[in-house]
Amino acid sequence: MRYAIPVIVLLGLLALFAVGLGHDPRELPSPLIGKSAPAFELAVLGGEGATRVRTQDLQGRPVLVNFFASWCAGCQEEHAYLMQLAADEHAPLVGIDYKDAPADGSAWLAKHGNPYQQVLLDLDGNTGIDWGVYGVPETFVLDAHGTIIYKHIGPMTVEAWNRDIKPRLQAAS
Amino acid sequence: MKLLRALLLLGLFSLALAPVSAQVQAEKPAIVLTPQQEQRFEALLPNLRCLVCQNESLADSQAPLALDLRYEIRSMIAKGASDFQVKKYLTDRYGEFILYRPAVNLRTYLLWFGPLLLLAIGLIALYRFTRRAQAVAAPAVDEAALRKLLDDQAR
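Along each chain, residue indices are assigned from 1 in the same order as the chain's sequence is written. For this description, chains carry letters from A and ligands carry numbers from 1, given in the order in which they are written. Where totals are concerned, whole chains, interfaces and linings use all residues; where local detail is concerned, this predicted model gives features only for residues with pLDDT of at least 70, and gives and counts side-chain atom pairs only at 80 or more. In computing side-chain properties, one takes all heavy atoms of the structure into account and sets aside hydrogens as well as water.

1. Considering the interface of chain A and chain B
Line of reasoning, step 1. In this analysis, two residues are considered to be in contact whenever any of their non-hydrogen atoms come within 4.5 Å of each other. With 21 residues of chain A in contact, the opposing surface of chain B contributes 20 residues.
Line of reasoning, step 2. Here chain A meets chain B over a buried area of about 1,700 Å², counting both sides, of which 52% is carbon and sulfur.
Line of reasoning, step 3. Should a side-chain nitrogen of Lys or Arg be within 4 Å of a carboxyl oxygen of Asp or Glu, the pair is scored as a salt bridge. Remark: the boundary between chain A and chain B carries 2 salt bridges.
Line of reasoning, step 4. Here aspartate 130 of chain A makes a salt bridge to arginine 93 of chain B, at a shortest N to O gap of 3.0 Å.
Line of reasoning, step 5. Side-chain atoms alone can form a polar contact between residues adjacent in sequence; in general such a contact is a pair of N or O atoms within 3.5 Å, and within protein one must be able to donate a hydrogen while the other accepts it. At the junction of chain A with chain B, the criterion picks out 6 residue pairs in polar contact (both at pLDDT 80 or more).
Line of reasoning, step 6. Among the elements that make up the side of chain A that touches chain B, the one with the highest residue count is helix α4 (residues 126–130) of chain A (4 residues).
Line of reasoning, step 7. Residue composition of the side of chain A that touches chain B, by class: 11 nonpolar, 4 polar and 6 charged. Here the buried area means the combined drop in accessible surface, using a 1.4 Å probe, for two parts upon being joined, counting both sides. Helix and strand assignments follow DSSP, with helices taken as H or I runs no shorter than four residues and strands as E runs no shorter than two, numbered in order from the N terminus. Note on residue categories: nonpolar means Ala, Val, Leu, Ile, Met, Phe, Trp, Tyr, Cys or Pro, charged means Asp, Glu, Lys or Arg, and polar means any other residue, Gly included.

If you want it as structure tokens, here you go:
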């Protein structure tokens, strides 16, 4: 009985540390979850002249917005899996090529394959800032109304897809 | 040695020739601030976290995102935005984590006052512990008996 309180305190601390240290400090909660996707008006990669795509144009169906770049190692890491998702699951992927030279982006997609239904260009990175992107790749899940319902930070993985993305996508459609 | 040097050179050359695409950092016109605005800009930056290298502030970081954000903040200040508006712009996008001193609100009470709470718990524990120890260490002294003992000895 004498030791009850110290033992309880110790267990409490251990539980606190287990939760705290289990967090990845690189994964920040986005304040944009539950809000409308920030407005953009972007050129299309390889698109004709003055075609612009706006945030509203993504509405009407759930969609995955994936920020990527040809210079980004993590994007290469997830790319094969994105290709697989596009082929097997018809994942509604929209790519935003972040701070990338269009020629580099095109060459990269030609080399590794293009899993996107549409690729938009964020040349100056301002759309990335508006969306709270701080390290590509990042993937946003939008419902049919254009509301951000989830954000995945870092390369897409099978676990993340099955646990975090797919159920939300299904619930939204 | 010659062979080694040749190999090293070859390695360097192959690195230089490897097709590497780099992040595009657009050249943007410099933003001129008044001395007061410049002062506010300088004062604001050390309190903002660079999200790429999280232990550096936006004042120190050379990450491309930090450059972009510094530029954005400069242009906001040039257009007359208040410190509050700049911070709101950033927290709307990146969350409170970008502030090294997050606002005191319901969600951050524990963060701000947790240490005080721990200190209070520690002080209470210390107080109770020392009181108990005193009670054990200092048994009541029977003064009459003590005097008698001393008197006996003096005799």
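2. Some words on the domain arrangement of chain B
Residue and element names in this part refer to chain B.
Line of reasoning, step 1. Here the bounds of each domain stem from an automatic or database domain assignment. Looking at chain B, the domain boundaries give domain 1 (28–103) and domain 2 (104–138).
Line of reasoning, step 2. Here the C-alpha centroids of domain 1 and domain 2 sit 38 Å apart.
Line of reasoning, step 3. Opposite the 4 residues of domain 1 that make contact, domain 2 presents 6 residues.
Line of reasoning, step 4. Summing both sides of the interface, domain 1 and domain 2 together bury roughly 380 Å²; the carbon and sulfur share of this comes to 53%.
Line of reasoning, step 5. Interface area lost by domain 1 to domain 2 is led by Glu96, Pro102 and Ala103, which between them contribute 87%.
Line of reasoning, step 6. Where domain 1 meets domain 2, there are 0 salt bridges.
Line of reasoning, step 7. On the surface where domain 1 and domain 2 come into contact, there are 3 residue pairs in polar contact (both at pLDDT 80 or more).
Line of reasoning, step 8. Split by residue class, the side of domain 1 that touches domain 2 holds 2 nonpolar, no polar and 2 charged.

3. Focus on unusual backbone geometry
All names here are of chain A.
Line of reasoning, step 1. Omega for the peptide link from valine 136 to proline 137 comes to -5°, which places this bond in the cis form.
Line of reasoning, step 2. Structurally, proline 137 is set in the loop between α4 and β6 (138–142).
Line of reasoning, step 3. Unlike most non-glycine residues, histidine 90 shows phi in positive territory, near 50°.
Line of reasoning, step 4. Looking at where histidine 90 falls in the secondary structure, it is placed in the loop between α2 (73–88) and β4 (93–98).

4. Focus on the nonpolar core
Line of reasoning, step 1. Residues belong to a common nonpolar core when they are buried Ala, Val, Leu, Ile, Met, Phe, Trp, Tyr or Cys residues joined through side-chain atoms within 4.5 Å. Only protein chains enter the accessibility calculation, which uses a 1.4 Å probe; a residue is then buried when its area is under 20% of its type maximum, exposed when over 50%, and partly exposed in between. Counting 70 residues, the largest nonpolar core has Val65, Phe67, Trp131, Leu142 and Trp161 of chain A together with Ile73 of chain B as the members making the most contacts within it.
Line of reasoning, step 2. Sorting elements by how many residues they give to this core places helix α3 (residues 64–78) of chain B first, with 6 residues.
Line of reasoning, step 3. Ignoring sequence-local partners within four residues, the contact set of leucine 142 of chain A consists of Ala37, Leu58, Pro62, Val63, Val65, Trp131, Thr147 and Ile148 of chain A.

5. A look at a positive patch on the surface
Line of reasoning, step 1. Like-charged residues within 9 Å of one another, or nonpolar side chains (Val, Leu, Ile, Met, Phe, Trp, Tyr) within 5 Å, are grouped into patches, provided each residue has over 30% relative accessible area and no salt bridge. Residue burial considers only the protein chains on display, and all accessible areas are found by Shrake-Rupley using a 1.4 Å probe. A positive count includes Lys and Arg, and a negative count includes Asp and Glu. His and the chain ends are not counted in either. A charge is said to be at NZ when it belongs to Lys, at CZ for Arg, at CG for Asp and at CD for Glu. Where like charges cluster on the molecular surface, the positive patch consists of Arg2 of chain A together with Arg128, Arg131 and Arg132 of chain B.
Line of reasoning, step 2. Here arginine 2 of chain A shows up in the segment before α1 (4–22).
Line of reasoning, step 3. Residue arginine 2 of chain A is classed as exposed on the basis of its relative accessible area, which comes to 73%.

6. Here's the deal with empty space enclosed by the protein
Line of reasoning, step 1. We place a 1 Å grid over just the protein atoms. Points where a 1.4 Å probe fits but has no way out form a cavity, open points with protein on both sides within 12 Å along at least 5 of 7 lines form a pocket, and any residue with an atom within 4 Å of a point lines it. Grid points are joined across faces, edges and corners, and a volume is the space filled by probe spheres set on the points. For the structure shown, the criterion picks out 1 cavity of 30 Å³ or more.
Line of reasoning, step 2. Here the largest cavity defines a volume of roughly 30 Å³.
Line of reasoning, step 3. Along the walls of the largest cavity sit Leu28, Pro29, Ser30, Pro31, Gly132, Tyr134 and Lys151 of chain A together with Arg93 and Tyr94 of chain B, which together make up its complete lining.

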